[in-house]
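Structural characterization, general
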Amino acid sequence: MNILHLDENHPLLINQFAELGHINHEDYTSTKAEIEAKIHNYDGFIIRSRFKIDAEFLAKATNLKFIGRVGAGLENIDCEFAERQGIKLISAPEGNRNAVGEHALGMILSLFNKFNKADREVRDGKWLREANRGFELDGQTVGIIGYGNMGKAFAKKLRGFDVEVLFYDLKDGIGDQNATQVSLAELQERATVLSLHTPQTPLTMNMVNKEFIEAFQHNFWFINTARGKSVVTQDLVAALQSGKILGAGLDVLEYEKSSFENLFNDNQMPAAFQYLIEAENVLLSPHVAGWTKESKEKLAQTIVDKFKVHFH
């Protein structure tokens, strides 16, 4: 096969495709229009999140047999059109699930223990012990929404803590030794920590809004390592201001471009984001929960392994 690589990834992808007898082409700089003009020459392509793969693009990919998405989510690809065209979609949520689970846990522990606040203060010469008295994770009830690869990996990380782990998912009967499946209403009634692990779909867009937040019986801590557009940031900020949300760890933001490589669609900083930047009980990272040295290799290997199942 002729395979076009549209984003740089771990070199094992190109090396192993070559070992299997396929021809690799790399193009990391051409515009989407320029790629469209030549995509008919390729049997497959590999992408992270450089640009949207819409129906117009796929209609010109007349010889395409597969798309390798080096990551978990497929929201930037018109999956229905691709499947109608007989194009195999290969993603790799198994490759970065461990990284996401560790990142989510790290965010909770950092928020509970005020690591980021205390670190800044000590660097500024302030030794404020009482002001940095933290909380313990033991005794909390952790709620997970979305119990796929990422949610399960996070629940597994919590096994060393004396916590109750609940989850809500659209699929029934997927509870395991690490978490108990409950209704959304029960999760909102009992959880004191909420971690989001959902894909971006029409159902999850703007899901965490004022009504959703107010349905929680307890004030709670919020972690989002999933997708930024699942959260209405203005409503999140209002809940932080009221104390309904005790603190937030956000690896993803509503304001990200679809490529995830840049933050804002224009040069204006939204007021809600300005609040997040200044809030001491908010921890921010630049969409890197699944972005470890190890996951870079695992993601690439997962794509190759799945490719071999379908095409060798």
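Throughout what follows, the structure given in this document is the object of discussion. Because the structure is predicted, anything quoted here is derived from the model rather than measured. Here the residue numbering is sequential within each chain, running from 1 through the sequence in written order. Where local features are concerned, this predicted model is filtered to residues with pLDDT of at least 70; where side-chain atom pairs are given and counted, the filter is 80 or more; whole-chain, interface and lining totals use all residues. Where side-chain values are given, they derive from all heavy atoms of the structure, hydrogens and water being excluded.

In this section: a positive patch on the surface. A patch is a set of surface residues, each over 30% in relative accessible area and not in a salt bridge, joined within 9 Å for like charges and within 5 Å for the nonpolar side chains Val, Leu, Ile, Met, Phe, Trp and Tyr. The accessible surface values rely on the Shrake-Rupley method and a 1.4 Å probe; as for residues, cover is taken only from the protein chains in view. Salt bridges are defined by distance alone: a side-chain nitrogen of Lys or Arg within 4 Å of a carboxyl oxygen of Asp or Glu. Charge assignment: positive for Lys and Arg, negative for Asp and Glu; neither His nor the chain ends contribute. Every charge is mapped to an atom, namely NZ of Lys, CZ of Arg, CG of Asp or CD of Glu. Positive charge collects at one region of the surface, where R97, K152, K156, R159, K171 and K298 lie side by side. We count a stretch as a helix when DSSP gives it H or I for four or more residues in a row; a strand needs E for two or more, and each element gets its number in order from the N terminus. Here K171 shows up in the loop between strand 7 (164–168) and strand 8 (180–181).

The next thing to look at is the packing of aromatic side chains. Working definition: a ring pair exists when centres of Phe, Tyr or Trp rings (six-membered ring for Trp) sit within 6.5 Å. Plane angles under 30 degrees give stacked, over 60 give edge-to-face, the rest tilted. Summed over the entire model, instances satisfying the criterion amount to 14 aromatic pairs. Measuring from ring centre to ring centre gives 5.7 Å for F45 and F57, while their planes differ by 80°; the resulting arrangement is edge-to-face. Taken together, the positions of F45 in strand 3 (residues 44–47) and F57 in helix 3 (residues 55–60) put the pair 12 residues apart, joining distant regions of the chain. On the basis of relative accessible area, F45 is assigned to the buried category, the value being 0%. Through a chain of ring-to-ring contacts, the aromatic side chains of F17, F66, F307 and F311 assemble into a single cluster. Partly exposed describes any residue whose relative accessible area lies between the buried limit of under 20% and the exposed limit of over 50%, with all areas from a 1.4 Å probe on protein chains only and scaled to the type maximum.

Once that is clear, we can look at the sheet that holds strand 10 (residues 220–224). Only strands that DSSP links by at least two bridges are regarded as paired with each other. An order of 8-7-6-9-10-11-12 is seen for the seven strands of this open sheet, with the pairing classed as parallel. Looking at strand neighbours, the two that pair on one side only are strand 8 and strand 12 (282–284), the edges of this open sheet. Pairing of strand 7 with strand 8, which is carried by two bridges, proceeds in the parallel orientation. Paired with F167 across the bridge in strand 8 is Q181. By the convention used here, residues are in contact when the closest approach between their heavy atoms is within 4.5 Å. To obtain each axis, a line is fitted to C-alpha atoms, and for helices this fit is confined to the stretch in contact; angles are then taken between N-to-C directions over 0 to 180 degrees. Sheet strands in contact with helix 10 (residues 233–242) are strand 10, strand 11 (245–250) and strand 12, and its direction is about 140° off that of strand 11.

The next point concerns the side chain of N132. Along the chain, N132 turns up in the loop between helix 6 (115–123) and strand 6 (141–145). Judged by its relative accessible area of 15%, N132 is buried. Sequence-distant contacts of N132, defined by excluding residues within four places in its chain, comprise N113, K114, K117, A118 and E121.

This brings us to the pairing of strand 2 (residues 23–26). The pairing of strand 1 (residues 2–5) with strand 2 spans four bridges and is classified as parallel. Note that in strand 2 the partner of N2 across the bridge is I23.

Attention now goes to the pattern of salt bridges. Going through the model one piece at a time under the given rule, you end up with 13 salt bridges. The partner of K65 in a salt bridge is D43, and the shortest N-O contact between them spans 2.8 Å. In this pair, K65 is assigned in the loop between helix 3 and strand 4 (66–69) and D43 in the loop between helix 2 (32–38) and strand 3, connecting sequence segments 22 residues apart. Looking at K65, the relative accessible area reads 36%, which means it is partly exposed. Taking relative accessible area as the criterion, D43 reaches 14% and is therefore assigned buried. Between K157 and E102 there is a salt bridge; the shortest N-O distance is 4.0 Å. Of this pair, K157 sits in helix 7 (residues 149–157) while E102 sits in helix 5 (residues 93–113), placing them 55 residues apart in sequence. Here the salt bridges do not stand alone but share partners, grouping E164, E186 and R190 into one network.

Turning next to unusual backbone geometry. The phi dihedral of K114 falls on the positive side, at around 55°, and the residue is not glycine. Mapping K114 onto the fold places it in the loop between helix 5 and helix 6. By relative accessible area, which is 23% here, K114 ends up partly exposed. The phi dihedral of N206 is positive, around 60°, even though this residue is not glycine. Mapped onto the fold, N206 is located in the loop between strand 9 (193–196) and helix 9 (210–214). Classification of N206 by relative accessible area gives partly exposed; the value is 39%.

So, on to the pairing of strand 11. Here strand 11 lies mainly inside the structure; five of its six residues are buried. Note: strand 10 against strand 11, five bridges, orientation parallel. What sits directly across from I223, in strand 11, is G249. Orient the strands so they point away from the viewer, and a crossover whose first-strand-to-second-strand path over the helix runs clockwise is right-handed. In this fold, the crossover linking strand 10 to strand 11 by way of helix 10 has right-handed handedness. As paired elements, strand 11 and strand 12 share three bridges and run parallel to each other. By the bridge assignment for strand 12, A248 is matched with V282.

A word on the nonpolar core. Think of a nonpolar core as a cluster: buried Ala, Val, Leu, Ile, Met, Phe, Trp, Tyr and Cys residues, connected wherever their side-chain atoms sit within 4.5 Å. Membership of the largest hydrophobic core comes to 30 residues, with the highest contact counts inside it found for F222, L236 and L276. Broken down by secondary-structure element, the contributors of at least two residues to this core are strand 9, helix 9, strand 10, helix 10, strand 11 and helix 11 (271–278). In terms of residue count, the dominant contributor to this core is helix 10 (four residues). Setting aside anything within four residues of it in sequence, one finds F222 in contact with L194, L196, V208, V231, L236, I245, G247, A248, G249 and L250.

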